[in-house]
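Observations on chain architecture
Spelled out, the chains give:
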Amino acid sequence: MARTRRVLAALTLLLAAGAAACGKEGSPPVKGPQPEKLPHYQVDTAFRLDSSPTWRRAAKRGHFTVGAKEDQPYLGEKDPSSGLYSGFDIEIARMISAALGLDPDRIVFRTIASANRETALQNGQIDYYVGTYTINDNRKKLVGFAGPYYLAGQSLLVRANETDIKGPQDLAGKRICSAAGSTPYQRIQQEYPRAVLVAYDTYSICVDNLLTYQVDAVTTDDAILIGYAAKAPDELKVVGRPFSEEPYGIGVPRHDNALRFAIDDALEANERNGNWKKAYDATLGLSGVPAPKPPPIDRYPAS
Ligand code: GLU
């Protein structure tokens, strides 16, 4: 009996040591998605869109310049050593580039924070934007939106040991962090005025503040928060049910309707041929949520 117990104890130790080694030198943590799991996007070399000033400029320079996020797990992440971007939003940007005739490997990504997206599109800094960008009427006065390509909802991220905050009704007197210029920030400001709002440029700074007890919760879309929680499951958790609808669109310059409709076509084609699902499974799907059905494209009239 005693011997069995000793053997078992030794085995447990061995297994634990093996598991620990796995996470260290033996196998470095996977940074982005596994390349072989991602779709290959066929470049439509015959494609032309001369009616779009944005497309004409991009075709002349030989690549699209795309605005994105760089600190949102599984959605838009930049590898600090290689400078490469990866994630679901990045795959959406790539499938669009290929459909519009330009090599996705040549896309130049620019990190643009939530508060600066409209300006970046208005002053021609980027051709289009793919980064958890909610379509709404206010923003439609400033930019155009193709899509939606995904439907998220506002939620709350708290420390794993948090017991008081279970939903937005529990935020009175609590310090809540979100990104300046975001729809979740505006919703807390308008609908939960007793919360103490803290704004930063990015959600990753909010998460740092949460981990160091500077704030009590981070609020933004569930898709973003689930990614942070999946990367630190012992420290963080997402609580409650989503309390808004955040349809993600591709931001384009306000009056470039030709570009907007061409991107709508590209999204529909990639949803039909399976690339959308394959891209989701290899990126955002890694946070543990199975692929939903993509929402219907809203091809609103030219403006
Ligand atoms: N989807 C929301 C928004 O567009 C929150 C995420 C973000 O800030 O990118 O404002």
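Structure's up top.
Residues numbered from 1 in each chain as written. Predicted model: local features only at pLDDT ≥ 70, side-chain atom pairs only at ≥ 80, totals over all residues. Heavy atoms only, no water.

Quick notes on the site of the ligand
Not every one of the 16 residues close to the ligand is listed here, only the nearest: Ser114, Thr132, Thr134, Tyr203 and Asp221. Between the ligand and Tyr203, the relevant distance is 2.6 Å, taken from an oxygen atom to a side-chain nitrogen or oxygen of the residue. Across the complex, the protein chains shield 100% of the 280 Å² of accessible surface that the ligand would expose by itself. Where the shell around the ligand is concerned, the elements lending two or more residues are helix H6 (183-191) and strand E11 (217-221). Tallied by class, residues from the shell around the ligand come to five nonpolar, seven polar and four charged. (Near = heavy atom within 4 Å. Polar contact = N/O pair within 3.5 Å; in protein donor to acceptor, adjacent residues only side chain to side chain. Areas by Shrake-Rupley, 256 points an atom, 1.4 Å probe, with all protein chains shown as cover. Helix = DSSP H or I, 4+ residues; strand = E, 2+ residues; numbered from the N terminus. Nonpolar A, V, L, I, M, F, W, Y, C, P; charged D, E, K, R; others polar.)

Notes on the sheet that holds strand E4 (residues 85-86)
A sheet is described by the order of its strands in space; here three strands give the open sequence E2-E3-E4, paired in antiparallel fashion. Strand pairing shows two members of the sheet lacking a second neighbour, strand E2 (71-72) and E4, which therefore form its edges. Note that strand E3 (residues 76-78) and E4 share two bridges and pair antiparallel. If you follow Glu77 over to E4, its bridge partner there is Ser86. (Pairing = 2+ DSSP bridges.)

A look at the packing of aromatic side chains
Within the structure shown, the criterion is met by 14 aromatic pairs. Ring geometry for Phe47 and Trp55: centres 6.1 Å apart, planes at 70 degrees, overall edge-to-face. By relative accessible area, which is 21% here, Phe47 ends up partly exposed. Since its relative accessible area comes to 4%, Trp55 is described here as buried. Centroid distance Tyr150 to Tyr248: 5.7 Å. Interplanar angle 40 degrees. Geometry classified as tilted. One end of the pair, Tyr150, is in strand E7 (residues 143-152); the other, Tyr248, is in strand E13 (residues 246-253), and 98 residues separate them in sequence. By the burial criterion, Tyr150 is buried, and Tyr248 matches it. An aromatic cluster is present here, built from Phe88, Tyr149, Tyr150, Tyr248, Trp276 and Tyr280 joined pairwise through their rings. (Phe/Tyr/Trp six-rings, centres within 6.5 Å; stacked < 30°, edge-to-face > 60°. Buried < 20%, exposed > 50% of the residue type's maximum accessible area, 1.4 Å probe, protein only.)

Examining helix H10 (residues 275-282)
Those residues of H10 not exposed but buried are Asn275, Trp276, Ala279, Tyr280 and Ala282. On its buried face, H10 is in contact with helix H3 (88-99), E7 and helix H9 (257-272). (Contact = heavy atoms within 4.5 Å.)

Considerations on the nonpolar core
Core analysis: the biggest nonpolar cluster contains 57 residues, and Phe88, Ile92, Tyr128, Tyr149, Tyr150, Ile250 and Ile263 have the highest contact counts within it. The element that contributes the greatest number of residues to this core is H3, accounting for seven residues. Discounting residues that sit within four places of it in the chain, Ile263 has contacts with Ile96, Leu100, Tyr128, Ala146, Ile250 and Val252. (Core = buried A, V, L, I, M, F, W, Y, C linked by side-chain atoms within 4.5 Å.)

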